[in-house]
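# Architecture at a glance
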Amino acid sequence: MEKIFIVGGTPLTGEIEIGGSKNDTLAIMAATLLVPGVTLLRNVPRNSDVLNLLEIFRHIGVHAQWRSDNCLAIDASTVKTTEAPLELVQKMRASFNILGALLTRFGTAAVAMPGGCDIGARPVNFHVRGLEQLGAVMTLEHGVYQGEVKRMTGTHIALDFPSAGATQHLMIAASLAKGRTVIENCAAEPEIVNLADFLNACGADITGAGTAFITINGVEKLNPCEFRVLPDRLQVGTYALAAAITGGDVMIRNAVYDHCRPVMMKLEEAGFLVLREGNNIRVKTTQPKINPVHIRTSPHPGFPTDMQQVFAALLTLADGVSTVTETVYESRFRYTTELQKLGAEINVEGRTAIITGVKRLSGANVSCTDLRGGAALIIAGLAADGLTQVDELRHLDRGYDEMVSKLTGLGAHIERGTDRISAGGLRVCSV
Ligand code: EPU
């Protein structure tokens, strides 16, 4: 089994280029199923979730081809089945969005209940109810949702919670519906706005994305286009936190500050200098101590749930007591047990983690519990004394491509391998 080996303690310096967003890519890929012809997506990251969705596409007859490192051509004119392979769908959450796409275009589809990170119950009731409101007849048999519809019909859908996935799924499903659909209390993340921009570039008629109400006037047909995936705001946050915890000074290139604002504002509150320079964000350490801060996650534009873990890693070294309150998922604190192995003092009470800053972390063997929890362990390892070994990397690989080489480029002593490595000039041997 591969592990990441880190010898912590080196301040990160230099420049890092951010790639395309996983979550934006996955939503847009699902939407390409609406479009007969070749859609060209640029800035596509090659993480395992994207590769898994491509595998699902191949099974259902979609032709997809890498034209260059990050340019993906998808041709959905050749769909041969609308039944998605169960074992692949169960590996990830975003695969569920292909249900609405296949259903609205072909009138029938079967997709299993999705998998994804184990961070809460994560039901799909908003998705299914929304599809039913659009006119689909949905049944669940042996863990697989089967849908049938003549043509989706515009309707008014009010979500109980601004779910990112349900908003994306229903936008996709309503794009070819007869008439107007309004989604109320919808999510407003940058990926929602970009999905609307993608669909509109294909000929859809969607307004209001980025607000709590999205209006979709159904069209008869969509046409292929060329489109660029957003820079990954969660990677920006992750590398910003890596710079901060090591007392470093890093320029993050290709970052949209407005998408990262809640994280950057909390970093400033923690005592770091955050400079916005065009499409770049520089995170600079200017004081020896980290101020404790209080974080409460909430849907965009609030503090993103996906960033609470990496921020918590920083707060383990703060000068005082910080709190992280998670309001989006019921159980997104499993990583705190692993951080404790590095010497962190964290008590989880209900939905709040109380973090008492310690003077130092010390390297240990830890396991990724989920995608962002894994990133938190890497960040903590970068600051910990001695050797940290991180395993269960399949979680990390879902959303961070080239993480080790990116961090190495900033001066980190970090390697990935199975047994022996040379880290920080030391010969070390894993157990
Ligand atoms: N929810 C329901 N019913 C539903 C849908 C959602 O109760 O039908 C609940 C969820 O259980 C959760 C809350 O609503 O408590 C929010 O879930 P949401 O639907 O917004 O999340 P998602 O679409 O499944 C996406 C990202 C997640 C990110 C969330 C919130 C993708 C592939 N995933 O998930 O990303 O945490 O939005 O912003 O886009 C990650 O990248 O690490 C990650 C987990």
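A short tour of the structure in this document, coming up.

### Comments concerning the sheet that holds strand E5 (residues 71-75)
Spatially, the four strands line up as an open sheet ordered E4-E5-E3-E13, and their pairing is mixed. At either end of the open sheet lies a strand with only one pairing partner, and these are strand E4 (63-68) and strand E13 (226-228). This sheet shows a mean twist of 20° between the axes of neighbouring strands, independent of strand direction. As defined by bridge partners, strand E3 (residues 38-42) adjoins E5 across four bridges and the pair is classed as antiparallel. Across the sheet, residue Thr39 finds its bridge partner in E5, namely Ile74. Its contacts with the sheet put helix H1 (residues 22-32) on E3, E5 and E13, and the angle it makes with E3 is roughly 175°. Sitting on the sheet, helix H2 (residues 48-60) is in contact with E4 and E5, with an inclination near 135° to E4.

### Structural notes on the nonpolar core
Counting 77 residues, the largest nonpolar core has Leu267, Phe311, Leu314 and Leu407 as its most contacted members. Each residue touching Leu314, except ones within four places of it in the same chain, is listed here: Leu241, Ala244, Ile245, Leu267, Ala270, Phe272 and Ile290. Counting residues in hydrophobic clusters, the runner-up holds 75 residues, among them Ala94, Ile157, Cys186 and Ile206.

### A look at the packing of aromatic side chains
If you walk through the whole model with that rule in mind, you get four aromatic pairs. Judged by centre distance (5.4 Å) and plane angle (70°), the rings of Phe198 and Phe227 are edge-to-face. Residue Phe198 is found in helix H7 (residues 190-201), and its partner Phe227 is found in strand E13; the two are separated by 29 residues along the sequence. Judged by its relative accessible area of 12%, Phe227 is buried. Ring centres 5.9 Å apart and planes at 75° place the aromatic pair Phe303 and Phe311 in the edge-to-face group.

### Here's the deal with the environment of Phe333
On the secondary structure map, Phe333 appears in the loop between strand E18 (321-325) and helix H11 (335-341). Residue classification places Phe333 among the buried residues on the basis of a relative accessible area of 9%. For the pair Phe333 and Ala353, spaced 20 residues apart in sequence, the C-alpha separation works out to 7.6 Å. Here Phe333 is in contact with Gln308, Val324, Glu326, Val348, Gly350, Arg351, Thr352 and Ala353, once residues within four sequence places are set aside.

### Topic: the pairing of strand E1 (residues 3-7)
Here E1 lies mainly inside the structure; five of its five residues are buried. A two-sided burial pattern is seen for E1, the buried positions comprising Lys3, Phe5 and Val7 on one face and Ile4 and Ile6 on the other. In the sheet, E1 pairs with strand E22 (residues 387-391) via four bridges, with the strands oriented antiparallel. Opposite Val7, over in E22, you have Leu387 as the bridge partner.

### What to know about H2
When the terminal C-alpha atoms of H2 are compared, their 19 Å separation across 13 residues agrees well with the 18 Å that a helix rising 1.5 Å per residue should span. Where H2 is buried, its residues meet H1, E4, E5, helix H3 (86-89) and helix H4 (98-106). The positive-phi residue at the C-terminal boundary of H2 is Gly61, with phi of around 100°.

What counts and how
Residues numbered from 1 in each chain as written. Predicted model: local features only at pLDDT ≥ 70, side-chain atom pairs only at ≥ 80, totals over all residues. Heavy atoms only, no water. Pairing = 2+ DSSP bridges. Helix = DSSP H or I, 4+ residues; strand = E, 2+ residues; numbered from the N terminus. Axes fitted to C-alpha atoms, helices over the stretch in contact; angles between N-to-C directions. Contact = heavy atoms within 4.5 Å. Core = buried A, V, L, I, M, F, W, Y, C linked by side-chain atoms within 4.5 Å. Buried < 20%, exposed > 50% of the residue type's maximum accessible area, 1.4 Å probe, protein only. Phe/Tyr/Trp six-rings, centres within 6.5 Å; stacked < 30°, edge-to-face > 60°. Expected span 1.5 Å × (residues − 1).

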